[in-house]
Amino acid sequence: MVILHQLNTFAAMDHIQTPSPPITPPAHQECLSPALPSPNECDNKIMSEAQNRQPSPDRASRSSFSSIRENENTLTQTFTHSKVSHLDVDEEVVDDRTPEVTPGPSALDKINAFNMIQTQFCPPVTQPNSRLRGYVAPADSFQGWKGIQVKGKLASRSFGDLTILNNVWGSAPKAPRNVKIRPGEAAIERLPAEILSAIISLLVLDIPPNGVSRRNIDLMSLLLTSKTLHFATLSTLYSQITIPHSRIFHKFLTHIAEHQTLGTIVRRLDFCHFNPSQLFSTAAERSLARNLTSETLLRCLDLTPNLQEFLVQEHIDQDLSADVLRKLFLGLERMEALDFCGCTSTFFKDSFTAIVTPDWPAQLSIRRLSLHKCLTLPSIVFETILPRLTRLTHLDVAGTRITDAALMSIPYTARITHLNIAKCKLLSARGVTDFLANHPAAQGLVYLSLATDARSHQLFDVEDISELLPVLPKTLKSLSLKGSKMDSSHIDLLRPLTKHLEELSVGRSLLLEDVNRLFVPDETDDVDKQLEWVPHTLKFLDLSDFWGNELDLVYLFNSRCAIMKAFSAPLEVVELAEDVFRRVVKSSATLKRMGWRTSEVGSRGWMVRQKSQDPSVPRDDGSRGWKMGAEAWGMRKIPVARAEVGGMYGSFMFGRKL
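The text that follows walks through the structure, step by step, so that each part is easy to find. Remember, it's a predicted structure, so these values are computed and weren't measured experimentally.

## Overview of empty space enclosed by the protein
A full pass over the atoms with the stated rule returns two cavities of 30 Å³ or more. Estimates place the volume of the largest cavity at around 220 Å³. Lining the largest cavity we find 27 residues, and of these Tyr447, Ser449, Ser480, Met635 and Arg636 sit closest to its centre. Elements supplying a minimum of two residues to the lining of the largest cavity: strand S14 (447–449), strand S15 (478–480), strand S16 (503–505) and strand S17 (540–543). When the residues that make up the lining of the largest cavity are grouped by side-chain class, the tally is 10 nonpolar, eight polar and nine charged.

## Notes on the pairing of strand S9 (residues 309–313)
Among the five residues of S9, five are classified as buried, and the element is accordingly described as predominantly covered. Side-chain alternation along S9 places Glu309, Leu311 and Gln313 on one buried face and Phe310 and Val312 on a second face that is also buried. Of the crossover connections in this fold, the one passing from S9 over helix H13 (residues 322–330) to the parallel strand S10 (residues 337–341) is right-handed.

## Let's talk about the pattern of salt bridges
Here the idea is simple: oppositely charged side chains can pair when their charged atoms come close. Taken as a whole and assessed by the stated rule, the structure comprises 23 salt bridges. With its nearest N and O atoms 2.6 Å apart, the salt bridge here joins glutamate 309 to arginine 268. Of this pair, glutamate 309 sits in strand S9 while arginine 268 sits in strand S8 (residues 268–270), and the two are 41 residues apart along the sequence. Residues joined by salt bridges that share partners form a network here, namely Glu502, Lys539, Glu572, Lys611, Asp620 and Arg624.

## Observations concerning the environment of alanine 566
If you trace the backbone, alanine 566 turns up in the loop between helix H22 (553–556) and strand S18 (573–576). Since its relative accessible area comes to 65%, alanine 566 is described here as exposed.

## Overview of helix H8 (residues 227–239)
The terminal C-alpha atoms of H8, which comprises 13 residues, lie 19 Å apart, in line with the 18 Å expected from a rise of 1.5 Å per residue. When H8 is considered as a whole, its buried residues turn out to be Leu229, Ala232, Thr233, Leu234, Thr236, Leu237, Tyr238 and Ser239.

## A look at the packing of aromatic side chains
Where two aromatic rings form a pair, the distance of their centres and the angle of their planes describe that pair. Tallying each qualifying case throughout the model produces nine aromatic pairs. Measuring from ring centre to ring centre gives 6.2 Å for phenylalanine 329 and phenylalanine 340, while their planes differ by 15 degrees; the resulting arrangement is stacked. In this pair, phenylalanine 329 is assigned in helix H13 and phenylalanine 340 in strand S10, connecting sequence segments 11 residues apart. Phenylalanine 329 gets classed as buried once you look at its relative accessible area, which sits at 4%. Taking relative accessible area as the criterion, phenylalanine 340 reaches 0% and is therefore assigned buried. Summarising the aromatic geometry, the rings of phenylalanine 348 and phenylalanine 352 are spaced 5.4 Å apart at their centres and angled 85 degrees between planes, so their arrangement reads as edge-to-face. Here phenylalanine 348 pairs with phenylalanine 352, and both are found in helix H14 (residues 346–355), just four residues apart, close to one helical turn. Relative accessible area serves as the criterion here: at 0%, phenylalanine 348 is assigned to the buried category. Ring pairing ties together the aromatic residues Phe329, Phe340, Phe348, Phe352 and Trp360, which thus form one cluster.

## Overview of unusual backbone geometry
Peptide bonds are trans in most cases, and residues, glycine excluded, mostly fall at negative phi. Look at the link from alanine 569 to proline 570: it is a cis peptide, with omega at 15 degrees. Considering the arrangement of structural elements, one finds proline 570 in the loop between H22 and S18. Even without glycine at this site, lysine 423 takes up a positive phi of about 55 degrees. On the basis of relative accessible area, lysine 423 is assigned to the partly exposed category, the value being 25%. Positive phi outside glycine occurs at serine 509, with the angle close to 75 degrees. Here serine 509 shows up in the loop between S16 and helix H20 (512–516).

## What about the environment of serine 466?
You can see serine 466 is positioned in helix H18 (residues 462–468). Relative accessible area serves as the criterion here: at 30%, serine 466 is assigned to the partly exposed category. For the pair serine 466 and aspartate 487, spaced 21 residues apart in the sequence, the C-alpha separation amounts to 9.6 Å. Dropping the residues within four chain positions of it, serine 466 is found in contact with His490 and Leu493. Here valine 462 takes part through its backbone oxygen, which lies 3.1 Å from a polar atom of the side chain of serine 466. Among the polar contacts listed, one links the side chain of serine 466 to the side chain of histidine 490, at a separation of 3.0 Å.

Conventions and cut-offs
Residues numbered from 1 in each chain as written. Predicted model: local features only at pLDDT ≥ 70, side-chain atom pairs only at ≥ 80, totals over all residues. Heavy atoms only, no water. 1 Å grid on protein atoms, 1.4 Å probe; cavity = no way out; pocket = protein on both sides within 12 Å on 5 of 7 lines; lining within 4 Å. Points joined across faces, edges and corners; volume = space filled by probe spheres on them. Helix = DSSP H or I, 4+ residues; strand = E, 2+ residues; numbered from the N terminus. Nonpolar A, V, L, I, M, F, W, Y, C, P; charged D, E, K, R; others polar. Buried < 20%, exposed > 50% of the residue type's maximum accessible area, 1.4 Å probe, protein only. Right-handed = clockwise from strand over helix to strand, strands pointing away. Salt bridge = Lys/Arg side-chain N within 4 Å of Asp/Glu carboxyl O. Expected span 1.5 Å × (residues − 1). Phe/Tyr/Trp six-rings, centres within 6.5 Å; stacked < 30°, edge-to-face > 60°. Contact = heavy atoms within 4.5 Å. Polar contact = N/O pair within 3.5 Å; in protein donor to acceptor, adjacent residues only side chain to side chain.

Honestly, that's just the spatial picture; any functional story needs more than this.
As structure tokens, then:
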């Protein structure tokens, strides 16, 4: 608490450095001293101190252009969807407004009543007549444990009551000594560099505010606090750079050009929140400004030689020239993660094709690669790049023209944990099954998406699924078979997988009665087999391939169906098709009685189990190491960097159709 209090004090400083004031008791301690000032004096003092601090944008309320981001609250599967950048103002959690004055006892009478708190001596039960062994407790008339007005969360001022009660019993606390601290010897400055950096990193904003507002105000204040905090903050401030619009990029590039040492600190360049229309209404205006172009982007890469993660999206694919791509793949020795999500322009395709040549080195440093929805890239790109990724762990090629040959060309030394080959129409069921069953790089998969849109393409039929399910590794946590043709015989093959899976998307042609068998043993099983039943581990179930009347809502809400029952936990989220979701929304009252609610964002909709109000039930915020920063369930894009979900990446992960 002392460390956090000092950080808040440092962060409250403005750009002008002022001498440190003498150490005085905190405002709340002064207001609780035995003298007991009036409540108005305490409120005025606290309010005046709060007004001295420059307000900093709140993390939980920001979103960016055409972005979807997860809400940081206690509800599962809730998102913010916005088309323009904005900065909301959160409601206060606790209502500390001074209540209206009503006729009654005077303020002096109330203070005297507080000072007259009575105590009572409680003798031990075994020796009721003893005055030596016992304890002192508040009298039965003690009214200190009072409630206060709240908005959404419970709160208590019991600490203040205990302080007053302690002052009644014992002596007044000793006033702290005025100790003069010499520069560089403050307690927080003597912390190890690792701990200090970990504390300062909590002030970083992964999700930027509206693009024209000041950013990272707290970090900028820390830079002006002391030399120790200045050097510790620089590493945090420049290690991960988020670019919401071209003006920020221009300022960043100008700064590292003047101070090139700072460029060596940069480890991540993140353009997933980039808004091309934030400052300019047309592409022509943006090109005239010359803030972000292929030339300036290449210069930025030259000034950041230790860059490890480079994340872009469809709004800047016109600036990814052949020289920029060549620099990313071949010119940065420490590059580990590349994401080109949604880049489909002709310029991007031509640039990529131009750099792909047979004379590339045999090995590349890339570990995590996302070409998610890069629809226009030719197959030669994958057949050239994938054989050189000897340390590959994350591969997202959803919607691309990858072939069986390119998939099998992944080196045996790779250790793939995340693989997304959804909607890859040039892949065959035989080639994918052979890769998953026999390739050494695919034996430790954690996330696997084989999803297709059944309306336009089918990768696996009934026989293919029967061959696929037995060869899937036991390390899987997320599996998508959406769009595959399945039947009731596959339930027996899926049951062993549900003992370690947390996400499961089933295909079409199943009945809801078939899916129900994943959660309860068969009634026809003998007693011994039912007693040996192992509960499932599913948190997310995708039923979006059940269209129209294929999803029997009467059976879903019936007592015979286990999906919606309390004993189906830990299941939390059930995804529905769009037309089915619209029907379920009309039955929100029934859902609420069953302990569920609805949630939607973009073109996706879910039924979500309500959180238990029992404090003894452990809370699960949905965060997992394999989700790389995401907390919601059912992501359709693999993240290649550990960060909060937002911007265009949030849209691709949770808001769009397959």
